[in-house]
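# A look at the structure
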Amino acid sequence: MKLALPARAKLNLELEVVSRRDDGFHELRTTFQAVELHDLLQVEDAAEASLTSDGFHIKRGDENSVLRAQRTLEESAHRKLPARFHLHKRIPPGSGLGGASSDAAAVLRGLAAIYRLDVDLAAVAREVGADVPFFLLGGRARAEGRGEHLSPLEMDPAWFVIAWPGIELSTADVYRAWDEVKGEGPNHLRRAAEIVEPALEDFASRLGAGWQMTGSGSAFFIRCTGHDEANRKVAAIESLRCWTSITQAIGPWA
């Protein structure tokens, strides 16, 4: 059996860091919005696990979210779930768009379908990563805790332009910087991200007003009234020679 699953990106429409917890993680309040931009994960049952990819570079070994999700699901199911994975990587890595977490959620959904598993995928997703439970659902949701406590929200149609400067940021590094400098505004992590990578401040300045960082960075987005305005926004930043994508909000997965 072979499946092809889109692994959608997300935007943080706003992000508040409430506090640092005793376990080292952070309490958040944020609104996730799934968008059409996606990786494509092909999953096929096989004699042993393997992973190939094209597009953006992905992490290998123990840090790879695809293989980590597979191992975590095997532990929960108490059985081996060998599969051949091929990932068409379209979401920039280290951008705050949630690509790795979305890939992991696609693995859980794909393996559960192929092997007809009766497993609580939401519980497994929480073990894999804080954002992974959202990517089992999609749409728009209010998230609290580390991001795993979700309240679905009604969504409205929206277009966005995403701009990525080609800078990969470590989420852990950004949160460590937040511990020192804290934050404010629509995304409390922006100041910390600019401490970790000073070039990000210049990029944000050159984008101009209205652009907002998503997640722990380094991608920025701006909301548009439609595709025509989105095209104009892309043209206006052409001189930055950065990666851009026009995308729109998408509802919960079927």
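Note: the structure precedes this text.
These lines cover the structure that appears in this document, whether it is placed above or below. (Residues numbered from 1 in each chain as written. Predicted model: local features only at pLDDT ≥ 70, side-chain atom pairs only at ≥ 80, totals over all residues. Heavy atoms only, no water.)

All right, on to helix H2 (residues 99–114) then. With 16 residues, H2 ought to run about 22 Å at 1.5 Å a step, and its terminal C-alpha atoms sit 22 Å apart, in line with that. In terms of residue burial, H2 counts as a mostly covered element, since 13 of its 16 residues are buried. At the exit of H2 stands Arg 116, carrying a positive phi of roughly 50°. (Helix = DSSP H or I, 4+ residues; strand = E, 2+ residues; numbered from the N terminus. Expected span 1.5 Å × (residues − 1). Buried < 20%, exposed > 50% of the residue type's maximum accessible area, 1.4 Å probe, protein only.)

When two helices pack together, their arrangement is given by the angle between their axes and by how far apart the axes lie. Relative to each other, H2 and helix H3 (residues 121–128) sit at 145°, their axes nearing to 10 Å. Where H2 crosses over H3, the two elements pack in a sense that is right-handed. In this structure, H2 contributes Ala 104, Leu 108, Arg 109 and Ala 112 to the contact, and H3 contributes Leu 121, Val 124, Ala 125 and Val 128. (Axes fitted to C-alpha atoms, helices over the stretch in contact; angles between N-to-C directions. Left-handed = near helix turned anticlockwise from the far one by under 90°. Contact = heavy atoms within 4.5 Å.)

Omega for the peptide link from Gly 217 to Ser 218 comes to 20°, which places this bond in the cis form. With respect to the helices, strands and loops of the structure, Ser 218 is situated in the loop between strand S8 (212–213) and strand S9 (220–224). With a phi angle near 55°, Lys 182 is a residue other than glycine that sits in the positive phi range. Mapped onto the elements of the fold, Lys 182 is located in the loop between helix H5 (171–181) and helix H6 (190–196). Relative accessible area serves as the criterion here: at 39%, Lys 182 is assigned to the partly exposed category.

On to the pattern of salt bridges, then. Under the definition given, this model contains 15 salt bridges. Two residues, Lys 89 and Asp 103, come together in a salt bridge whose shortest N-O distance is 3.0 Å. Of this pair, Lys 89 sits in strand S4 (residues 83–89) while Asp 103 sits in helix H2; the two residues are 14 residues apart in sequence, bridging distant segments of the chain. Taken as a pair, Lys 89 and Asp 103 share a single burial class, namely buried. (Salt bridge = Lys/Arg side-chain N within 4 Å of Asp/Glu carboxyl O.)

Turning our eyes to something else, we now look at the environment of His 38. Within the secondary structure layout, His 38 lies in strand S2 (residues 26–45). Expressed as a C-alpha distance, the spacing of His 38 and Phe 220, which sit 182 residues apart in the sequence, is 16 Å. Those residues in contact with His 38 that lie beyond four places of it in its chain are Pro 6, Ala 7, Arg 8, Ala 9, Arg 90 and Ile 91. Among the polar contacts made by the side chain of His 38, one reaches the side chain of Arg 8 at a distance of 3.4 Å. At a separation of 2.8 Å, a polar atom in the side chain of His 38 contacts the main-chain carbonyl oxygen of Glu 36. (Polar contact = N/O pair within 3.5 Å; in protein donor to acceptor, adjacent residues only side chain to side chain.)

Moving on to the sheet that holds S8. Ordered in space as S8-S9-S7-S10, the 4 strands form an open sheet in which the pairing is antiparallel. Because the sheet does not close on itself, it has two edges, and the strands there are S8 and strand S10 (243–248). With 6 bridges connecting them, strand S7 (residues 159–164) and S10 associate as antiparallel partners. Among the inter-strand pairings, Trp 164 is bridged to a residue of S10, identified as Trp 243. Against the sheet, helix H7 (residues 199–207) contacts S7, S8 and S9, and its axis sits at roughly 20° relative to S9. The strands touched by helix H8 (residues 227–236) within the sheet are S7, S9 and S10, with S10 carrying the most contacts at an inclination of about 170°. (Pairing = 2+ DSSP bridges.)

By secondary structure assignment, the location of His 26 is in strand S2. A distance of 2.7 Å separates a polar atom in the side chain of His 26 from a polar atom in the side chain of Asp 179. Ignoring anything within four residues of it in the chain, the contact list for His 26 reads Val 17, Ser 19, Arg 20, Arg 21, Gly 145, Arg 146, Tyr 175, Trp 178 and Asp 179.

This paragraph deals with the nonpolar core. Membership of the largest hydrophobic core comes to 39 residues, with the highest contact counts inside it found for Leu 41, Val 43, Leu 73, Phe 85, Leu 108 and Leu 111. Counting residues per element, the ones that place at least two in this core are strand S1 (2–20), S2, helix H1 (65–77), S4, H2, H3, helix H4 (132–135) and strand S5 (140–145). When residues of this core are assigned to their parent elements, the largest contribution, 8 residues, is made by H2. With residues near it in sequence (within four places) discarded, Leu 111 still touches Val 43, Gln 70, Leu 73, Leu 81, Ala 83, Phe 85, Arg 116 and Leu 117. (Core = buried A, V, L, I, M, F, W, Y, C linked by side-chain atoms within 4.5 Å.)

Moving on, we come to the pairing of S4. Where burial is concerned, most of S4 is hidden: 6 out of the 7 residues are buried. Sheet topology note: the S2/S4 ladder contains 6 bridges and is antiparallel. For Gln 42, the partnering residue across the bridge sits in S4 and is His 86. Here strand S3 (residues 50–55) runs beside S4; their pairing, made up of 6 bridges, is parallel. Its bridge partner lying in S4, Thr 52 is registered against His 86.

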